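Given next are the chains, with one letter for each unit.
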Amino acid sequence: MTGKRTWMQMMAALLAAVLLLTPAAMASSIYTGEEGVAGISDMLSGWFEDDNSAASAAQGSGLTSVADVERIYSFTLEGRTYTFPCPMADFLNNGWHYAGWAADAGASLDAMTYSSAILTNDAGKRLSVDIMNPTQSAVAVADARLMSITVRANDTPPAFATANGLSLGMAGSDVAGLYGAGYREMGMSDGGVTYKYSFYQLLNDSANSIGEPLTQQSGEDELSVIADANGAITSIYMMHAKF
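Attention in this report is confined to the structure presented alongside it.

Parameters at a glance
- Residues numbered from 1 in each chain as written.
- Predicted model: local features only at pLDDT ≥ 70, side-chain atom pairs only at ≥ 80, totals over all residues.
- Heavy atoms only, no water.
- Pairing = 2+ DSSP bridges.
- Helix = DSSP H or I, 4+ residues; strand = E, 2+ residues; numbered from the N terminus.
- Axes fitted to C-alpha atoms, helices over the stretch in contact; angles between N-to-C directions.
- Buried < 20%, exposed > 50% of the residue type's maximum accessible area, 1.4 Å probe, protein only.
- Core = buried A, V, L, I, M, F, W, Y, C linked by side-chain atoms within 4.5 Å.
- Contact = heavy atoms within 4.5 Å.
- Polar contact = N/O pair within 3.5 Å; in protein donor to acceptor, adjacent residues only side chain to side chain.

1. Some remarks on the sheet that holds strand β13 (residues 233-240)
The strand order across the open sheet formed by eight strands is β3-β5-β6-β8-β13-β12-β11-β10, and the pairing between neighbours is antiparallel. Across the chains shown, the open sheet's two edge strands, defined by having one partner strand only, are β3 (96-99) and β10 (184-187). Neighbouring strand axes in the sheet, compared pairwise and without regard to direction, differ in orientation by 25° on average. Pairing of strand β6 (residues 126-133) with strand β8 (residues 145-152) involves five bridges; the strand directions are antiparallel. Looking across to β8, one finds that valine 129 is bridged to isoleucine 149.

Listed below in structure tokens is the structure:
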């Protein structure tokens, strides 16, 4: 019948859309290896999730200014406090070391770019970061700035807590109590739940995005919290790229 799509036609259109994604988009959205199938399933189910954000989400989160958002993006790590977008030298001077490519002699970031890296310490603790270079010339990785941080319960995590008091092992139901309304809630194939906030978007009622090359108008933030099927928080991701 004209004007309507059958279920098979809709699925065919969806598959075509997935296949048209650029390699960069696929890399950022789909995991390979043992988590591949689950990752794709979670991604597709997330596309069909209802957005639980309310019209008054910004007010529900207590946001009235950019300063309110910036205060969210601070955290304690092994007893020391850091605030986005702090220089990576702050971590390196407090017992953390780069692993992987960033540990190579002469490792650097090109102008106006960002990249993923791993930090470890002598106690074997480990966390993932994105580091950025919002300047007009290449810099050593020690001179880059923090763009995001991720701690995971299954990855020998350090002692970590957000400025609002969120930490691994807490109940996923605590997230809304600490950060208010405006999150998206997405179910996962293993029974877990992801709670996702974008506070600049809540404040400005418009989408924020970041890409390369970076510009002084670039800005994006995200707080994503994963709770397992038992309701315990197993991952915390914070990203603040406004500069």
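Following the structure, the description resumes.
2. A look at the pairing of β8
Most of β8 is tucked away, with six of its eight residues classed as buried. In terms of strand pairing, β8 meets β13 through five bridges, oriented antiparallel. Bridge pairing in β13 places valine 151 opposite isoleucine 236.

3. So, the nonpolar core
Counting residues in each nonpolar core, the largest one holds 44 residues, and the members touching the most others are Phe75, Phe91 and Phe199. For phenylalanine 199, the residues in contact, after removing those within four places along its chain, are Leu63, Val69, Ile72, Tyr73, Tyr179, Asp221 and Leu223. Met132, Met147, Tyr237 and Met239 belong to the second-largest nonpolar core, a separate cluster that totals five residues.

4. Some details on the side chain of serine 148
Within the secondary structure, serine 148 sits in strand β8. Of the polar contacts made by the side chain of serine 148, one reaches the side chain of aspartate 130; its length is 2.9 Å. With residues up to four places along the chain from it excluded, the contact list for serine 148 reads Phe84, Ser128, Val129, Asp130, Tyr237, Met238 and Met239.

5. So, unusual backbone geometry
Between phenylalanine 84 and proline 85 the backbone carries a cis peptide bond, its omega angle lying at -5°. Structurally, proline 85 can be placed in the loop between β2 (80-83) and α6 (89-92). Of note, the phi angle at glutamate 78 is positive, near 50°, even though the residue is not glycine. On the basis of relative accessible area, glutamate 78 is assigned to the partly exposed category, the value being 39%.

6. With respect to the sheet that holds strand β9 (residues 160-162)
One open sheet holds the three strands; their spatial order is β2-β1-β9, and the pairing between them is antiparallel. Edge positions in the open sheet fall to β2 and β9, since each of these has one partner strand only. Each adjacent strand pair in this sheet contributes to an overall mean axis angle of 25°, direction not counted. Here strand β1 (residues 74-77) pairs with β2 via four bridges, running antiparallel. Within the sheet, the bridge partner assigned to serine 74 lies in β2 and is threonine 83.

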